[in-house]
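# Coordinates in review
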Amino acid sequence: MTNLDELLIFSGLSLLALFFARKSLMLRQLAPVLYACILLILIKMSALAYGGAIETSSFTIELLGFEMSWRFDALSWFFAVITLIAALASAVFMSGDWARYYCEQQGEKGLQRYGLLHLVLMLNVFTMLILLASGDLLSLFIGWELVSWASFWMMALSPEAKARQAAVKYLVYAMAGAMALLAAIAMIYAAGGTLQYGQLVAVLTELSKTQQIVLVLLFSTAFSIKFGLVPFHLWQAKAYAYTPGPGAAFLAAISSRVGLYAFVVVFVQLIGFAQLHSLDILHSVWLNIQNILLWIAALTVIIPTYIALQQHDAKRLLAWHGIGQGGYMLLGLMMFDSIGTAGGLMHVFNYASYQAALFLTIVAVVYRTGTSDFNKLGGLVTQMPLTFLVMLIGIIGLAGLPPMNGFVSKWMVYRSLLLNGQPLLFVAAVFGTLGTILSVYKLIHNTFLGQLRLEHQQVKEVPWSMLIPMLALSLITFITGFMPGLILPWIASIQQSIGLPVIAYDLGGIVYDKGGLDMIYVCMVMFYGFGVGAVIFYFLGGRSKRVHQYDNYAGGHFLSSKVRYHYSNNFYPGLMNLIGPWYRGSVVWLEKAVVSLVSLASNLFEHMYRSRQPVMMLAVVMVFALFAVLVKSGASI
Amino acid sequence: MNEMALLVALPLLGAFLIPVVARISDFAAKLLGPLIILFILGLCFSAWNALGSSATAIYLGGFIPPMGITFYIDQFAILMSILVSLVFLVIWPWNKEVELREYSLYLLLLAASFGLVLSGDLFNLYVFYELLAVASYGLIANQSKHRGLAAAVTLRFLFISSAGSVLLLLGIAIIYTLTGSLNIAHLAVVAPEKLHNLAGFSAFILIAIGAGVKAEMFPVNAWVSEVYAVVSKPLAVLMAGLISKLAVILIIRVLLMLYQQPEALQFLLIVGVLGVISGELVAWRARDMIRMLSFSSIAQLGLIFIAFSIAGEKGLWIGLALMIHHLIVKGGLFFLAEKLNGSFANLTGCASRSPFAVALFVLFVLSLLGIPPLPGFWIKLALILNLAAEVDSMYFYAIVFILIATVIEAAYLFKLITRMYQIEESQQLLPTSHSSSVKTSENRLYYRFAQLFAVLLISVMVFISPIEKTLFNIARQSSDVNFYIKTVFPGYYRSHAISKQQTDPKQLSPDKRGETS
């Protein structure tokens, strides 16, 4: 039995175990242990991440004349580790006091629903592992569908009617994506009669250019929908915002990244840079697939980030950022050089670490206050200092500022854009970062800073069962920012295995002849600066006095707790004056147009079926068919 | 092998005997039908073993074809007969207080079904088709639940269905005028010469549209949603699951043996695609369970037509697999619809009342959509990939439409399913006409049947590989025109073909016809 067999069988058995334990509270101890065990098996396979050989599974299935096989390479391992870390953090978070809270929330069937949440989380992990292990297009498709349905189930767990709507919307998008993938697979099969990865390249060269473009468009539609690229991003924020608690943290951290995984496998590993770069539309050298994807990525960085800026709900704000951050990953990946692809791939890990932590802080805030609405929060920093710390670290990472890991990956992407002569894309990326900084400030200000509401005076810090996973994720965010060399070997090994130029690194960061990055040095300088500042502030400054949180004044007036000055509406009035008119919702319009079109066609057919004279219909059809025969007969019969 | 004729004779005899037997004992009359079906099942299984991979023809009354009545028996026919018997066994009005004539009608329907499966000539196909139609009018009109509505619906169904029969008869008449024969094997020999012309092709169109009325073919299927709304669930299972398939088989027999040419296949492809698209679109707007299932059934039949439009054995096995899959899935869904009945508004939150029924519903729906690893996925995959392998670009557009239709299908089915799982506070305030509150014995029985179909579906999933191989072998055998001709005319064909080849070298021999068309 190979390591991969062990991994898949064990996670399948874990799923069964959770199924049978779903109605007992033993689940709370069992689930984290199971995730830890799966993580251990992955660590056993860690040779993959340091240039080891591909792990294959001894299962193969032959059906309909296709052979399906499963294997793990450095890329799969990388994504699997992220999946397991996110799942472990979510499971630990769920297993403590949050469990009681959730059961009470859900009413009489609380325990059952809580068990279901654990079960579905494990199902998500299991299907992710199956997808990551896929060794040919058919098993890729099967894994793809399974992951989509597992995340649909996770989203549909919330009992609210709106959540169900969001989940169904996701499902329709996901089905459309899956069908696009199926169409692409059918095209490949028609051209080459095979679905093996290895043969894809040979098949591709046999197709005409138009067919190649259609094929690539079908693939990219499928992957973009799951990944949430503009203009297929509309499902994501709503669906994730309604997903119950830690489930949302897991989904937001990794689930939609399977889109990126597929991009890497199909576009980078199989089709490759040269092919993508030479596929141009309308005979314009500039309008090639690579450039189009780059600009879609840039739009994905900008548009959702600025939509996030307008949100009044913490979960939604984070979910919109999730879409925007995906843009950076694709931006780096599509540069096809060592530093850009490394940045894009590393961003998956970094993003997952702080996004999971951020979502968990919001869940923690909801646990204590019952809401994630910015207009009903504020000033919680004195009440929940550690949660505040986690969020602070998280947003520094999300905004891509040192010393957190988000800075490292974003720096690499910027660097690659500049070095490869893409100043416009660089500006777009920086513009996106500006929006990120503004909106994460809104996030932390409206939850933890500013005015504490009267009803939140008794709020306490969340229990340790919830703090530990959050703090652990923050620690990862910091450590991998301080020493990116811990992660970079994995990235280098991926680059090597999929045939990209390999990045040179050391513990502190990147070694590059045109200017590398040493995070240890950067952090030391930063801490030194902060240290000097602290010395000046605490020891050399004038007298200071502690004041109560409610002891405020503005415009010469005292503000008591009864005066509400903490709000989220029109948070950046000056900025909105400038960019407000750009919010048009044009993609929403596109979605509505498609629905109307379907509705119209449906109406037409329904009228046809409602006809009062079915026999007349029969006669008409017969005449038409015979007429068609007559017309055709001149040509062929 | 001659005892296979009993498949038609016994149920017919039983249908006439039931009133007589009922005079002696009511119980015996009730038992007669199931006994006949069980006996026939036994016959079928023994024939399956005896036949192996060969086939045989029965000449009724000893007339040698092309004269007389011929039954053609191969694995395909036996498989269909087994399915027919099993379905009838399930939908038999077991514990309902029904009038005796309903038993007779069911037995008539059974005889007609076997006749359609086994007949080797066009005239008998027509006769059994008519018998099927008449028996089904009787059954629909006899629905005790909505007697008045049933009569009106039956009348409308009767109009369109008999118009369809007329077209079918017209088509057969044209074929007879062109060739002077109605025996399928004989027709298969002469088809390339006499039928592949304008008149012959019109005959095919007429047959396809005529039988298409029962096969729920676009656009002569307006009756579907009306009829399924008034009939009882077992009858709906029978009509959607089985009778529509038998009409398809009639069309396919004609297509396979006489018209393996691109025009006929394209015709099926076009009506199939239109059926899929229109069915899914109208189902998308449906607001009650039965209407949704009816139009989903139209779409599935469209998919079956698309499958048969792939030439040769590949199309046949995929179509066959789709038929069986649809039989299981729609059967299960219609039986569940007894429990999950009514408009969608009434179904809100029903998962909390009957969680297992809704779980079964989800299982069937997932297979219907084609989600791995359920059987529906493999069949759909095979269909898509084989369509992609066709050269004609029309097949590629068909793929596009199928995929779009699948997305629409997922949208409406899961809108309903999430509604079922919704938690509604104001639920108790609504006046519910929900039938699950009424726990009748019928209700429970249908629910058991739904469970049975689910078990079947799961076992198909587990044994997908051997089932695929069996179906493929069956399809290879029954799509082989030569094999059919040889079986029916052991001596005649060889001499005929040889002499023809010698006299007219331009005439294609039947061996190569499949490849060149």
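In this text the structure is predicted, and so the values were computed from the model without any measurement.

Each helix and strand counted, chain B has 22 helices and two strands in total. Residue burial in chain B is summarised as follows: out of 517 residues, 65% are buried. Roughly 17800 Å² of accessible area belongs to chain B as shown, and the carbon and sulfur atoms make up 67% of that amount.

Along its length, chain A carries 24 helices and seven strands. Its C-alpha radius of gyration of 26 Å places chain A within 12% of the 26 Å reference for a compact globule of 637 residues. A buried classification covers 59% of the 637 residues belonging to chain A. Contacts in chain A between residues at least 24 apart in sequence constitute 79% of all its contacts with a sequence separation of at least 6. For chain A, the accessible surface area stands at approximately 25200 Å², while carbon and sulfur atoms represent 66% of it. Charged side chains in chain A number 35 positive and 25 negative. The centres of these two groups are separated by 14 Å.

Turning our eyes to something else, we now look at the pairing of strand β1 (residues 55–63) of chain A. All names here are of chain A. The pairing of β1 with strand β2 (residues 66–72) spans six bridges and is antiparallel. Each residue of the ladder has a partner; that of Thr 56, found in β2, is Arg 71. Once β1 ends, the chain turns through two residues before running back antiparallel as β2, passing Leu 64 with a positive phi of about 55 degrees.

Another point: the interface of chain B and chain A. Each partner contributes residues to the interface: chain B has 65 residues there, and chain A has 58 residues. Across the contact surface, chain B and chain A share two salt bridges. A salt bridge links Glu606(A) to Arg291(B); the nearest nitrogen and oxygen atoms lie 3.0 Å apart. Joining chain B to chain A, the criterion identifies seven residue pairs in polar contact (both at pLDDT 80 or more). Those elements giving two or more residues to the side of chain B that touches chain A turn out to be α6 (147–179), α8 (198–212), α11 (262–285), α12 (289–308), α15 (355–369), α16 (375–389), α17 (393–420) and α19 (464–478) of chain B. The element best represented in the side of chain B that touches chain A is α17(B), accounting for eleven residues.

On to the pattern of salt bridges, then. Close approach of charged atoms allows side chains with opposite charge to pair. Summed over the entire model, instances satisfying the criterion amount to nine salt bridges over all chains. Across the pair Lys380(B) and Glu409(B) runs a salt bridge whose closest N-O atoms are separated by 4.0 Å. One end of the pair, Lys380(B), is in helix α16; the other, Glu409(B), is in helix α17, with 29 residues separating them in the sequence. When sorted by exposure, Lys380(B) lands in the same class as Glu409(B), which is buried. A single network of salt bridges, built from pairs that share partners, joins Glu606(A), Arg285(B) and Arg291(B).

A few words now on the packing of aromatic side chains. This model, assessed by the stated rule, comprises 51 aromatic pairs over all chains. Here the aromatic rings of Phe478(A) and Phe527(A) are separated by 6.3 Å at their centres, their planes lie at 55 degrees, and the arrangement is tilted. Residue Phe478(A) is located in helix α19 (residues 464–482), and its partner Phe527(A) is located in helix α21 (residues 519–540); the two are separated by 49 residues in the primary sequence. Owing to a relative accessible area of 24%, Phe478(A) belongs among the partly exposed residues under this scheme. Phe527(A) sits in the partly exposed class, given a relative accessible area of 38%. With centroids separated by 5.3 Å and ring planes inclined at 45 degrees, the aromatic side chains of Phe335(B) and Phe449(B) adopt a geometry described as tilted.

All names here are of chain A. Taken together, three strands build an open sheet; the order of strands is β3-β4-β5 and the sheet is antiparallel. Each edge of the open sheet carries a strand with a single partner, namely β3 (505–506) and β5 (517–518). Pairing geometry for β3 and strand β4 (residues 509–510), over two bridges, is antiparallel. The partner of Asp 506 across the bridge, within β4, is Gly 509.

This part covers the side chain of Gln477(B). All names here are of chain B. Its place among the elements puts Gln 477 in helix α19. Here Gln 477 falls in the buried class, since its relative accessible area comes to 9%. Once you skip the residues sitting within four places of it in the chain, Gln 477 turns out to touch Ser 53, Ser 54, Ala 55, Asp 74, Gln 75 and Phe 483.

Take the packing of helix α7 (residues 161–192) of chain A against α16(B) next. Packing of α7(A) against α16(B) brings their axes to within 8 Å, and their N-to-C directions diverge by 50 degrees. With respect to each other, α7(A) and α16(B) are oriented oblique. Here α7(A) and α16(B) pass one another in a crossing that is right-handed. In contact with Leu182(A), Ile185(A), Ala186(A), Tyr189(A) and Ala190(A) of α7(A), α16(B) contributes Leu381(B), Ile384(B), Leu385(B), Ala388(B) and Ala389(B). The residue inventory of the contact of α7(A) with α16(B), partitioned by class, reads ten nonpolar, no polar and no charged.

The tendency in soluble globular proteins is for nonpolar side chains to be buried side by side. Core analysis: the largest hydrophobic core is formed by 458 residues, its most contacted members being Phe72(A), Phe267(A), Met292(B) and Phe361(B). Leave out the neighbours within four places in its chain, and Met292(B) touches Ala283(B), Ala286(B), Phe344(B), Phe361(B), Tyr412(B), Leu413(B) and Leu416(B).

For the rest of this paragraph, the subject is the packing of helix α10 (residues 234–242) of chain A against helix α14 (residues 314–333) of chain A. Residue and element names in this part refer to chain A. Taken N-terminus to C-terminus, the directions of α10 and α14 make an angle of 135 degrees; their axes are 8 Å apart at the nearest point. The angle between the axes of α10 and α14 places the two elements in the oblique class. In the packing of α10 onto α14, the handedness of the crossing is right-handed. Counting all contacts with α10, which are made through Gln 236, Ala 237, Lys 238, Tyr 240, Ala 241 and Tyr 242, the residues of α14 involved are Lys 315, Arg 316, Ala 319, Trp 320, Gly 322 and Ile 323. By residue class, the composition of the contact of α10 with α14 is seven nonpolar, two polar and three charged.

Residue pairs three or four apart in sequence face the same way in an α-helix, which turns once every 3.6 residues. The terminal C-alpha atoms of α19(B) lie 21 Å apart, and with 15 residues this matches the ideal 21 Å at 1.5 Å per residue to within 8%. The complete set of buried residues in α19(B) reads Ile464(B), Glu468(B), Leu471(B), Ile474(B), Ala475(B), Gln477(B) and Ser478(B).

Time to look at a nonpolar patch on the surface. All names here are of chain A. Together, Tyr 528, Val 532, Val 535, Ile 536, Phe 537, Tyr 538, Phe 539 and Leu 540 make up a nonpolar patch on the protein surface, roughly 980 Å² of accessible area in all. Mapped onto the elements, Tyr 528 comes out in helix α21. Given the relative accessible area of 62%, Tyr 528 is considered exposed.

As a further point, take the environment of Asp551(A). One can find Asp551(A) in the loop between α21 and β6 (552–554). Spatially, the C-alpha atom of Asp551(A) lies 8.8 Å from that of Ser561(A), the residues being ten residues apart in sequence.

A few words on the side chain of Ser296(B). Residue and element names in this part refer to chain B. Structurally, Ser 296 is set in helix α12. A distance of 2.8 Å separates the side chain of Ser 296 from the side chain of Lys 330, its partner in a polar contact. In this structure Ser 296 touches Ala 283, Lys 330, Leu 368 and Tyr 412, once residues within four positions along its chain are discounted.

Quick look at the environment of Pro375(B) now. Residues and elements named next belong to chain B. Along the chain, Pro 375 falls in helix α16. Sequence separation of Pro 375 and His 325 is 50 residues, and the distance between their C-alpha atoms is 7.6 Å. Discounting chain neighbours no more than four positions away, the residues touching Pro 375 are His 325, Ser 367, Leu 457, Val 460, Met 461 and Ile 464.

The next thing to look at is α10(A). In terms of residue burial, α10(A) counts as a mostly covered element, since eight of its nine residues are buried. All buried positions along α10(A) are accounted for by Leu234(A), Trp235(A), Gln236(A), Ala237(A), Ala239(A), Tyr240(A), Ala241(A) and Tyr242(A).

Residue and element names in this part refer to chain B. Confidence in the prediction of chain B, expressed as mean pLDDT, is 82, and 88% of residues score 70 or more. Counted against residues more than four places away or in other chains, residues 427–438, with its pLDDT under 50, gives 18 contacts. Both confidence scores are given for the complex: pTM 0.90, ipTM 0.89.

For residues other than glycine, phi is negative in most cases, and the peptide bonds are mostly trans. Residue Val230(A) is joined to Pro231(A) through a cis peptide bond whose omega torsion reads 0 degrees. Cis geometry marks the peptide bond from Pro372(B) to Pro373(B), where omega comes out at 0 degrees. Along the chain, Pro373(B) falls in the loop between α15 and α16. A positive phi angle, close to 60 degrees, is found at Phe336(A), a residue other than glycine. Relative to the elements of secondary structure, Phe336(A) occurs in the loop between α14 and α15 (338–369). Owing to a relative accessible area of 9%, Phe336(A) belongs among the buried residues under this scheme. Phi at Glu216(B) is positive, roughly 55 degrees, even though this residue is not glycine.

Reading the values: rules and limits
The written sequence of each chain sets the order in which its residues are numbered from 1. Chain letters and ligand numbers both follow the written order, the letters beginning at A and the numbers at 1. Where local features are concerned, this predicted model is filtered to residues with pLDDT of at least 70; where side-chain atom pairs are given and counted, the filter is 80 or more; whole-chain, interface and lining totals use all residues. Hydrogens and water are ignored here; the side-chain numbers use all heavy atoms of the structure. The helix count covers DSSP runs of H or I at least four residues long, the strand count covers runs of E at least two residues long, and both are numbered beginning at the N terminus. A 1.4 Å probe rolled over the protein chains alone gives each residue an accessible area, and that area as a share of the maximum for its type sets the label: buried under 20%, exposed over 50%, partly exposed in between. Note on areas: these come from Shrake-Rupley sampling with a 1.4 Å probe, and a residue is covered only by the protein chains present in the view. Each radius of gyration reported is based on C-alpha atoms, and the globular scaling rule is 2.2 Å times the count of residues to the power 0.38. In what follows, a contact means two residues having at least one pair of non-hydrogen atoms within 4.5 Å. Charge counting follows a simple rule: Lys and Arg are positive, Asp and Glu are negative, and His as well as the terminal groups are ignored. By convention, charge coordinates are those of NZ in Lys, CZ in Arg, CG in Asp, or CD in Glu. The rule for pairing is simple: two strands pair if DSSP sees at least two bridges between them. What counts as a salt bridge is simple: a side-chain nitrogen of Lys or Arg found within 4 Å of a carboxyl oxygen of Asp or Glu. Here a polar contact means two N or O atoms within 3.5 Å. Within protein one must be a hydrogen donor candidate and the other an acceptor candidate, and residues neighboring in sequence count only if both atoms are side-chain atoms. Two aromatic rings from Phe, Tyr or Trp, using only the six-membered ring of Trp, form a pair when their centres are within 6.5 Å; if the ring planes differ by under 30 degrees the pair is stacked, by over 60 it is edge-to-face, and anything between is tilted. Fitted lines through C-alpha atoms serve as axes, helices being fitted only where they are in contact, and the angles separating the N-to-C directions of these axes extend from 0 to 180 degrees. Should an angle lie under 35 degrees it is considered roughly parallel, over 145 roughly antiparallel, and from 65 to 115 roughly perpendicular; all remaining angles are considered oblique. A clockwise turn of the near helix away from the far one marks a right-handed crossing, whereas an anticlockwise turn of less than a right angle marks a left-handed crossing. Just so you know the grouping, Ala, Val, Leu, Ile, Met, Phe, Trp, Tyr, Cys and Pro go in nonpolar, Asp, Glu, Lys and Arg go in charged, and all remaining residues, Gly too, go in polar. As used in this record, nonpolar core signifies buried Ala, Val, Leu, Ile, Met, Phe, Trp, Tyr and Cys residues forming a set joined through side-chain atoms within 4.5 Å. To estimate how far a helix should reach, multiply one less than its number of residues by 1.5 Å. Two joining distances apply to patches: 9 Å for like charges and 5 Å for nonpolar side chains (Val, Leu, Ile, Met, Phe, Trp, Tyr), and every residue must have over 30% relative accessible area and no salt bridge. pLDDT runs from 0 to 100 and stands for how confident the predictor is about each residue.

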